[in-house]
Structure formats: C-alpha cells, structure tokens
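As a plain string of letters, each chain reads:
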Amino acid sequence: MSGHQKSFWTKYIFSTDHKMIAKQFLWLGMFFLFFGGALAMLIRWQLGYPEQPVPLIGNWMWPGDGGIINPDIYNQMFTMHGTIMIFWAITPLLIGAFGNFIIPLQIGAGDMAFPKLNLFSFWTMFLASLILLSSYLLPTGTAAGGWTSYPPLSSPAGGIPGLGQTIWTVALIFMGVSSMMGAINYITTVVRMRAPGMDYFKMPLSVWGLFLTSILNAVFVPVIAAGLVMLLLDQTIGTEFFLAGRLASGDPGDPLLFQHVFWIFGHPEVYILILPVWGIISDLLSVFSRKPAFGYRVTAIAMCTVTALSTLVWGHHMYTTGMSPLLGKSFMFLTLLISIPSAMFFLNWLGTMWKGSIHFTSPMLFSIGVIWVFGLGGLTGLYNATITADIYLHDTMFVVGHFHYTLAASVMFGSFAAIYFWFPRMFGRKLDSRLGKIHFWGTFISINFVFFNMMVLGYAGHHRRIYNPSEYSFLEPLTGLNEWISIFSFLLGVFQVVFLINMVWSMFKKERSPQNPWKATTLEWTMDYPIPHGNFEETPLVHNGPHEYSRPDIKDRDWLGQNERITV
Amino acid sequence: MPVFILQNKDKDLSIIGLVITMASIVMLFGTLISSFYVLKIRMMGQLTLPNIIIQLGIANTVILLISSITFIFSENMFRKNKLNNYSFWLLMTIFGGIFFLIGQMYLWNKMTQLGIGITKGQLSDMFYLMSGAHGLHIIAGIVALIWLQSTSKKLTTNHRVNLVGIFWHFLGFLWFVLFAVILF
Ligand SMILES: [Cu+2]
C-alpha cells in the first residue's frame, strides 16, 4: 500500500491519509482563526473608539465612510466573527485537525474507518468556506443577523437586505454536511477499530472527548440542518415558516420555532466544541504532572453525563421569550444539574496535579490556563442559567464575557495546548518553548483582562450588540473601561502573531524532535517521524491504561507505554 | 509493510456507518415533523387535503411498499445464488423507486393545480418540504441500488446487498411515517 509512489495531488491535496487531512484542517482553521480574530479587533476598535477612523487600514477598507466602521458593516462584522470562530476556526482546529490526527493514532488504528469519506469531509468544508467568503464580494455585504440569525432578522421580509444572509445559510448547510461525515467516520473508527486490548476504559480521555463530540455532532447537526433548510426556503422561495404577525401574508408561521430548533442544536454545539478540550487537557495534565489522571473513570463517565444532560437544556437561551415559568424552571434545574458532573472532572484535574512533579512546558501552561478560564466561565454560567439573574443579564456583555471564557478562552487554550503537544508528531519538530511561554503569558493576561471586564460591562448594563456605546448616557462611566478592553484585545492579537511566527519558524528549523519528547504513554508516540501511511508497522497490543506514570514497580523510568509490558 | 488493521470492506464498519447515518436522517426528519406539529398547533388548523391527493399518496405508498418487497425477493435470490433472478428483482426495485418519484411529482402537480401550491400555506409547505427532502433521500437510495446492480457480478458476500436493503426499507418506512403525520 505504501510502496507505490504518490503524486503531489494524491499526497497533499486529495489525500485519504488521516494525518494529511488533519493538517489540511489545521491550516484551514488557522486561517479562519486569524480572520475571525481580525474581525474581533475591528469590533473592539468601534467599541473602544466609537466612530473614529480605523488606523492604518480604515481609509483603504472603507474610503466612502472616511475609514469609519458604519453600523451596517459593524453588524456584518460581529455576525461573521461569531460564525467564523465557531464553525470555521474552532471546529476545524479541534475536531477536524486533532480529531483526525489523534483518534486513529491513539486507538492503534491504521486510518479512519472510511478514508474517502474523510477526504470528502474536508473538501465539503473547503467548499463551504468558499461559499461563506464569497458573500464578501456582494455589494450588500455579508450576513448581518448575528451568528444565531434569528428570523425575521435573517429573512428578507423583515431584516437584512441582499443575498448575504442566504449565502450564510447555504455555507452553514455545507459545513454541517462536512461535520456529519466527520462524525460518522469518528464514531465508527472508535467503535470498531480499537487495537486489541484497547477497551473503552483504556482509551485516552482525548479520544473520549472527541468520541462524545462526534455523537453530539451526528445527532444534532441534522436538527440545525432542518432548521436552516426551512430558513433557506423562507429566504428564497417565499415560504413563511418563521414569519409571524405583520410580516406574514397568510397563516402565521412561528419565529420562536427557529429559536427552539437553533438551540436544540446550539446548546449541544457548545459541548461539541468544549468536550475535546476537556479530554485533551485531562490527558495533558497527567503527562506533565507525571501522575495517573485522578479518577480516570469518573472523568470519562462525568463527560458522558454532561453529554447526555446537554441535550435537555436548550431553553436556558430563551428565558426572555415568555416561555411558561414551569418550563423555564425545568430548564433551569437541568442546566444547574450540569454543574455536578462538571465539578467532578474539574476537581479531578486538580487532583491529577496535586503533589505531582509538574513540568511547566508550553502545553502544560495552556492546560492549566484552561482550568482557570473554564473555571471562571463555568461559574458565571450559573448566573446565566438562573432565570432571575438571566432576565437582567440576558443579551448584555456579561453573556459575551461568559461564553468567551468558556468557548473562546477555554477552547483556544485547549487548541494551543494540543498544537504545542502534538506538533512534534505532526511536523517532527518541537515548538520553541521560550516563545511558547511569551505566547502563554501574553495571551493569559490579556484574555483575562478582556473577558473579565466584559462581564463587568454587562453587569453595568452594556447591551451586547449596540454599535456606539457613547450614545447612551448611562454607559458614559464605562468609556474608559471599554477603551482598556480594546487595548488589551489588540495586545491579545499581537501575542498570537508570536505564536504564528513560532509555528512557521519551528516547522522549518533543522533540529528534529526526539520520537517521544514528552515521555508520554499513548500509542501515537510509538513510531518514528514521519508516521507512515497506515501508521503502525504491526497492530499494537494494548496492555495498560493511558496514564501509567511514576509506577512504583518500575525503577528505570517514570512511564510505561500502553503497548508495553512491565519488565522488572 | 504497514498493516491496515481493518479495511473499509469490513462489514461491521459499514453497518455502524449506516446506523449512524440513519440516526442522523431520523433527527433531520424528526425536526421537520416536530416543526409541522408546532405550526399546526400554532395556527390551530388542519391540513385538509382533497381526496384525490390522499388517494395518490396512498398509491405512491403502495408502490414504495412493493419495491421493498421486490428487494426482499432479490435478496433471497442472491442468497440462493440465482444471479439472473436477483438482477431482475433488483431492477424491479429500481423501477419501483423511480415510479414512486414520478408519482410524487404527479402528486405535487395535482396539488398545485388544485390551488394548494408552494407558499399557499404553512402546513402544505411543510408537506412539500418533507416529501421533497424524502424524495432526495430516495434518489440517494436509487443511486445505491444502481451501484449494487452494476457491481453485482463482483460480489462475493451478501453484506453489501444487506446494507443497501436496510437503507431502502428504512426509506420506505420513513415515508410511511411522514405520510401518517401529514394525514393525522
Ligand atoms: Cu446553552
């Protein structure tokens, strides 16, 4: 199979090798991460320095407005920022790149179950990206109805003019198809292609996280697909599924129906994004504390519990829609219930580090960073989940701060931890650890400043989608804070450039990484770089769990690979 | 030589892949069905279809049912290694699928003629959407059947026949459910 020569096209472009597809997803995700990040900084410019010309690029981008971001462009920006970061940056980075890269390697499989489907999954995603970006060419601009695209805002009858919103819908449908193909592949691979001896409870927690994510993807992406198809018909051929009242011509449709469909998918979606991070850092904390993961089984089962509960709580996004108080209270109760399993694995992370011999490498720093930011994000979630508090906090910057702690900060830190950790396996070199430390501390300080103070803004009543805060007298005392948040968000951007430089520079440096630089136990470290097509010389036999560190019965080293037997 | 632990010809792999796919399809149509009921409750109305439409719908349902039965015949013939009969019944199944699609198109036409065209009401629009989405899946099913027909000479085991069969029966059952939702 590996013997025959491959052309450039089959090796790098239309590859069916999961490791190459992982790299394709990695670059796609990185591109959109920086794209979405640039949008974020422009949004922050407008909020920090309202209606002042954007320095450097303003006059070139919007000459008609004198370099000022006008309200319409502003709406397009936050819409595309949300959409791109969630569906085009985090999803390809964590699920596309690391899902593809580590699932087969860590469970001892030669490739994904359906390599061709994997290929289609990436290229469908690529097509979806082109469709999404094409809306920038429209004279009326991109979608502007927010990442949630609630009708009637997202329908031409009552909202955003032009084709942008329709293109957004089509792009998202294609993206969903891609996710579903990935999910089918991942689930089948985990269920059927584990190496002999690799029981479910011997799988690394990273695989657990990605596996649960895939299940949620397979079940809930079709839900939003159905909703998006209905929305698309509303936008194009003139059905009125989501139009009500004055906007509807005949029988009334129901805009709230879209909100339900959206959040039935949308709440699991946040777990789709965070579950891989939980899994990955559970493993990494163990590697760099040189201790078995504390309560491995409890962590795995708690993650399953969260997955199950996450399907029942979507209503907490809709407390202010006038739902029945009884229903609201049920959603509140179920949502608060999630804090129990979350607290379990949270404490397990601390337990893993407790009295460990902690190595403060770059991936470890980012993993510890996740504990901090996810802790804050999770705790502030309780306020949003409580109806009485949420009625005040709903749609304020508090919510923005909260979900950026849980999603943006946690998921970014998790992705960075994963990239620093697996870079030697992907590109044969280690990322520079000094630049890594600069990247970590710069990111950590600025990200906390930005998102913590967003919650302060929200608590003071700053609505999340207003264009110009200086137009409201009650927000005047917050002008200084808004400005500082913007300054720190630009800093945050600058420190990501350090990371990009590190990545590109390390990829081409001469010095090769040792085969197993972190002395990790899992199967992906057992072969030489570059990992051949087909991964394993022969099927590995798994004897141990994934976290055999510092075993007292082994004298010469502090770890035991999953495929090794004890030799005393 | 690297060893591929399991090839994707492995039967269990495809079965699991198919089960997940079908679960996704169930969620897709489940959402459409729920939306249908939400809209129905919202407008406190009914979708009253003319008798001729209901009769056409029943006729199409019967065609799809027959195509499932012919598939069972063809599967039996494959098991008995009577490849010519197998091909014949498989062809009948493909025709059944195509007839069903033509029947659905005729039904849509008739509905439009009777004044219940697209965008004439929420519930009838949901009917168009559900039957249209189902029709797209039927096209996928027909493609699978044709693929089976064209590769049947090379088949050594019956599991590919099984897989396509499961999918085809599933689509038939799905239509049955959708039609029942529309009617009641
Ligand atoms: Cu939620």
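Keep in mind the model is a prediction, meaning the values are calculated, not measured.

Draft legend 1. Spotlight on the overall build of chain B. Per the secondary structure count, chain B includes five helices and zero strands. Ordered by position in the sequence, the α and β elements of chain B form the string α-α-α-α-α. Judged by the C-alpha coordinates and their principal axes, chain B covers about 65 × 35 × 20 Å. Looking at chain B as a whole, 51% of its 184 residues are labelled buried. Residue pairs in contact within chain B that sit at least 24 positions apart in sequence constitute 79% of those at least 6 positions apart. For chain B, the computed accessible surface area is about 9100 Å², with 70% contributed by carbon and sulfur atoms.

Draft legend 2. Spatial organisation of the side chain of T31 of chain B. Within the secondary structure, T31 of chain B sits in helix α1 (residues 11–43). The class of T31 of chain B is buried, set by a relative accessible area of 8%. With near-sequence residues (within four places) excluded, T31 of chain B lies in contact with V223, A226 and V261 of chain A.

Draft legend 3. Focus on empty space enclosed by the protein. All names here are of chain A. Within this structure, the stated rule accounts for four cavities of 30 Å³ or more. The computed volume of the largest cavity comes to approximately 130 Å³. I95, G96, S178, S179 and Y186 are the residues nearest the centre of the largest cavity, which is lined by 16 residues in total. Class assignment of the residues belonging to the lining of the largest cavity gives a composition of six nonpolar, ten polar and no charged. Its boundaries defined by the atoms lining it, the second largest cavity holds a volume of some 110 Å³. In terms of lining residues, the second largest cavity is bounded by 16 residues, among which F87, M175, G176, V221 and F265 are the most central. Residue assignment for the lining of the second largest cavity shows that the elements contributing at least two residues are α4 (71–107), α6 (164–192), α7 (205–236) and α8 (255–289). Split into classes, the residues belonging to the lining of the second largest cavity amount to eleven nonpolar, four polar and one charged.

Draft legend 4. Seen up close, the packing of α4 of chain A against helix α5 (residues 115–134) of chain A. Residue and element names in this part refer to chain A. At a minimum axis distance of 12 Å, the contact between α4 and α5 shows a crossing angle of 165°. Taken together, α4 and α5 sit at an angle that is classed as roughly antiparallel. You can see that α4 and α5 cross each other, and the crossing is left-handed. Across the interface between the two elements, M80, I84, F87, W88, P92 and N100 from α4 touch N118, M125, A128, S129 and L132 from α5.

Draft legend 5. Region of the structure containing the coordination of the copper ion. Surrounding the copper ion are the protein donor atoms H267 of chain A (ND1), H316 of chain A (NE2) and H317 of chain A (NE2), at 1.7 to 2.0 Å. Each donor residue of the copper ion lies on one chain, and together they are spaced H-x48-H-H.

Draft legend 6. Broad picture of the confidence of the model for chain B. Residue and element names in this part refer to chain B. Mean pLDDT over chain B works out to 89, with 94% of the residues at or above the 70 mark. Contacts from residues 1–9, a stretch scored under 50 in pLDDT, to residues over four places away or in other chains number 27 contacts. Listed scores for the predicted complex are pTM 0.94 and ipTM 0.92.

Draft legend 7. The environment of F421 of chain A, seen in detail. Along the chain, F421 of chain A falls in helix α14 (residues 397–427). Beyond its immediate stretch of four places on either side in the chain, F421 of chain A contacts L284, V287, F288, P363, W518, A520, E524 and W525 of chain A.

Draft legend 8. Examining the interface of chain A and chain B more closely. With 43 residues of chain A in contact, the opposing surface of chain B contributes 32 residues. Ionic pairing is found between R42 of chain B and D254 of chain A, a salt bridge with its closest N-O pair at 3.8 Å. Residue assignment for the side of chain A that touches chain B shows that the elements contributing at least two residues are α6, α7 and α8 of chain A. Element by element, the count of residues in the side of chain A that touches chain B is highest for α7 of chain A, at ten residues. Grouping the amino acids of the side of chain A that touches chain B by side-chain chemistry returns 27 nonpolar, ten polar and six charged.

Draft legend 9. Highlighting α4 of chain A. Residues and elements named next belong to chain A. With 37 residues, α4 extends 50 Å from end C-alpha to end C-alpha; this agrees with the ideal 54 Å at 1.5 Å per step. At T91, α4 shows its strongest bend, of approximately 50°, with the proline P92 following within four residues. Two to three positions downstream of the cap, the backbone nitrogen of D72 sits 3.0 Å from a side-chain oxygen, assigning the N-cap of α4 to N70. Downstream of α4 by a residue or two, G108 has a phi angle that is positive, lying close to 80°.

Draft legend 10. Structural view of the environment of L153 of chain A. Residue and element names in this part refer to chain A. One can find L153 in the loop between α5 and α6. Separated by twelve residues in sequence, L153 and Q165 place their C-alpha atoms 9.5 Å apart. Those residues in contact with L153 that sit more than four places away from it in its chain are G145, G159 and I160.

Thresholds, definitions, all that
Residues numbered from 1 in each chain as written. Chains lettered and ligands numbered in written order. Predicted model: local features only at pLDDT ≥ 70, side-chain atom pairs only at ≥ 80, totals over all residues. Heavy atoms only, no water. Helix = DSSP H or I, 4+ residues; strand = E, 2+ residues; numbered from the N terminus. Buried < 20%, exposed > 50% of the residue type's maximum accessible area, 1.4 Å probe, protein only. Contact = heavy atoms within 4.5 Å. Areas by Shrake-Rupley, 256 points an atom, 1.4 Å probe, with all protein chains shown as cover. 1 Å grid on protein atoms, 1.4 Å probe; cavity = no way out; pocket = protein on both sides within 12 Å on 5 of 7 lines; lining within 4 Å. Points joined across faces, edges and corners; volume = space filled by probe spheres on them. Nonpolar A, V, L, I, M, F, W, Y, C, P; charged D, E, K, R; others polar. Axes fitted to C-alpha atoms, helices over the stretch in contact; angles between N-to-C directions. Parallel < 35°, antiparallel > 145°, perpendicular 65-115°, else oblique. Left-handed = near helix turned anticlockwise from the far one by under 90°. Donors = N, O, S within 2.8 Å, 3.2 Å for Na, K, Ca; no water. pLDDT = per-residue confidence, 0-100. Salt bridge = Lys/Arg side-chain N within 4 Å of Asp/Glu carboxyl O. Expected span 1.5 Å × (residues − 1). Bend = angle between axes of the 7 residues up to and from the residue. Polar contact = N/O pair within 3.5 Å; in protein donor to acceptor, adjacent residues only side chain to side chain.

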